[in-house]
Structure formats: structure tokens, C-alpha cells
Amino acid sequence: MSCILNIETSTSVCSVAASQDGQTIFVKEDLKGPSHAVSLGVFVDEALSFIDSHAIPLDAVAVSCGPGSYTGLRIGVSMAKGICYGRNIPLIGIPTLEVLTVPVLLYHDLPEDALLCPMIDARRMEVYAAIYDRRLQAKRAVSADIIDENSYLEFLNEQPVYFFGNGADKCREQITHPNAHFIDNIHPLAKMMFPLAEKAIADEDYKDVAYFEPFYLKEFVASTPKKLL
């Protein structure tokens, strides 16, 4: 097992957590954001101080890498890269939609044939979404979806689908199939990243610190300022 610093800034929530040997040993969260430019540095400094004061070797930094807010992802990945450069440790990139599935898989009783559809708000009636089974195998890749009454019918006609994340609330009136289920109050949080980060370490799935970029999904248009989701 390893000590991992986990950083999550893909939505308006800013969170940092340290995990060791499969346990969370430090957590700081701001669910009232967006305030990443102010909060993230403070949270990271406190986490590193905690790790260093307990003489715990830091083995890697994991960062939630998108899709999500352009500004939030850029801030989080830049911070993660800086720590990896400074401490000469590996960088792990965790897809944000997979981070969202962790609390659902850990704390909700789902049927064996359940499919998971994490959603991140992309404004208007658009969401960033993917479809996973309970083993976190992708049944449909990440995409930007414009939601209407026909969305995800190929899955809903076959088995139950659970929708969650900050993009799911606005879809309730459009997705009314009997197999559609909604789970409230699911956020991408750093403290939920460690199972995926530990798997990445076991698989030696590291990112190139020099060239790694977030998965923005849609290109940022410089002439149209975007607010954090």
C-alpha cells in the first residue's frame, strides 16, 4: 500500500485528501465553491504538512482529470504536477466520472444488473456522462449529451440505470423511464479517489508529468469566459 495525495477540483467542490494503506488519513473539503484558486493551495499545504509531520513518505499524487470545469481542472492538474515535480513522485490521473461512481458502489445497495450513469453539469440541458456496470467497465464511453426524453433508452429498455452527480437533477423531468433511478447528493470528492488511485499504482498506470493535460472533452473558447460549474 502507498501514501497518496488526492486532489479533486472538477466541479464547484474543492477537496483534498491523503490516503495510506487503504485508509483516509487527511481530508479538507469546500462544498460551497467555486473557490479553487483560494482554497486548493491552503488545503494542499495542510495535507503535505500533515504527511511530513508524521514522517509518512508520499508515494504519488492523484488528480481528478475530467471532464468538468475547464478552470477547475486546470487548477487541480497544475497543482498536482507541481507537487510531482518538486517531490519527484509519480502522477496519477483519475477520470472524474469514475470518481463519482465510488460512493455509489460503496454505500448504495444496487441490483446485480444495475448500470451507473454519472453526470456532470455542462450547462443548459447538456451533461458529461458515461455508462458503467458495477465492475466499472464502460458500457458507453464518456460524451457530452444533450438530454431529452429519448436519452439512454437503449440501456433503460434493458436494465435499471442509476443517475447521479450534479448533472442528474436537471434530467429528472426528461428521463422518466421506469428503469431510471436517481441518487441525490453525490459529488466527486478527493476522499473517494483512493481505491482508483491504488489500482493505478498496482497497474503502474502513471501519467507523464511534463505532457499530461486534463480531459476537457470540449475545447475551451478563450473569447467566451466560463464560470466554474
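Note that the coordinates shown come from a computational prediction; the quantities given were computed from them, not determined experimentally.

(A) The packing of aromatic side chains, seen in detail. Using the criterion set out here, one finds four aromatic pairs in the structure. Aromatic rings pair up to connect Tyr152, Phe163 and Phe182 into one cluster.

(B) Quick peek at the pattern of salt bridges. Taken as a whole and judged by the stated rule, the model has 11 salt bridges. One salt bridge connects Asp52 with Arg87, and the closest N-O pair in it is separated by 2.8 Å. Residue Asp52 is found in helix H1 (residues 36-53), and its partner Arg87 is found in helix H2 (residues 70-87); the two are separated by 35 residues along the sequence.

(C) Molecular detail of helix H5 (residues 194-202). Residues Phe194, Leu196, Ala197, Glu198, Ala200 and Ile201 constitute the buried set of H5. Where H5 is buried, its residues contact strand E1 (3-8), strand E2 (14-20), strand E3 (23-30), strand E4 (60-64), strand E5 (91-94) and helix H3 (96-107). One or two residues past the end of H5 sits Glu204, with phi positive at roughly 55°.

(D) Structural view of the domain arrangement of the chain. Domain parsing of the chain yields domain 1 (3-96 + 188-203) and domain 2 (97-183). Listed by partner, the interface residues are 13 residues for domain 1 and 12 residues for domain 2. Where domain 1 meets domain 2, there are zero salt bridges. Where domain 1 packs against domain 2, one counts six residue pairs in polar contact (both at pLDDT 80 or more). By residue class, the composition of the side of domain 1 that touches domain 2 is nine nonpolar, four polar and no charged.

(E) Representation of the environment of Ala80 in the model. Inspection of the secondary structure assignment puts Ala80 in helix H2. Of the residues examined, Ala80 reaches a relative accessible area of 0% and is grouped as buried. Taking C-alpha positions, Ala80 is 20 Å from Ser53, a pair spaced 27 residues apart along the chain. When residues no more than four places from it in sequence are discounted, the contact partners of Ala80 are Ile7, Val61, Val63 and Leu91.

(F) Structural context of the sheet that holds strand E6 (residues 115-121). The strand order across the open sheet built from five strands is E8-E7-E6-E9-E10, with neighbouring strands paired in mixed fashion. On the outer flanks of this sheet lie strand E8 (138-146) and strand E10 (180-182), each paired with one strand and no other. In this sheet, adjacent strand axes meet at a mean angle of 20° when their direction is disregarded. On the sheet, H3 packs against E6, strand E7 (126-132), E8 and strand E9 (161-164) and is oriented at approximately 125° with respect to E6.

(G) Local environment of the pairing of E1. The buried fraction of E1 is high, at six of six residues. Neither face of E1 is exposed, since Cys3, Leu5 and Ile7 on one face and Ile4, Asn6 and Glu8 on the opposite face are all buried. With six bridges connecting them, E1 and E2 associate as antiparallel partners. Opposite Cys3, over in E2, you have Gln20 as the bridge partner. Joining the antiparallel neighbours E1 and E2 is a turn of five residues.

(H) The arrangement of unusual backbone geometry in detail. Omega for the peptide link from Gly66 to Pro67 comes to 10°, which places this bond in the cis form. Here Pro67 lies in the loop between E4 and H2. In this model, Glu204 sits at a positive phi of 55°, which is unusual for a non-glycine residue. Relative to the helices and strands, Glu204 resides in the segment after H5. Here Glu204 falls in the exposed class, since its relative accessible area comes to 63%.

The rules behind these values
- Residues numbered from 1 in each chain as written.
- Predicted model: local features only at pLDDT ≥ 70, side-chain atom pairs only at ≥ 80, totals over all residues.
- Heavy atoms only, no water.
- Phe/Tyr/Trp six-rings, centres within 6.5 Å; stacked < 30°, edge-to-face > 60°.
- Salt bridge = Lys/Arg side-chain N within 4 Å of Asp/Glu carboxyl O.
- Helix = DSSP H or I, 4+ residues; strand = E, 2+ residues; numbered from the N terminus.
- Buried < 20%, exposed > 50% of the residue type's maximum accessible area, 1.4 Å probe, protein only.
- Contact = heavy atoms within 4.5 Å.
- Domains from an automatic or database assignment.
- Polar contact = N/O pair within 3.5 Å; in protein donor to acceptor, adjacent residues only side chain to side chain.
- Nonpolar A, V, L, I, M, F, W, Y, C, P; charged D, E, K, R; others polar.
- Pairing = 2+ DSSP bridges.
- Axes fitted to C-alpha atoms, helices over the stretch in contact; angles between N-to-C directions.

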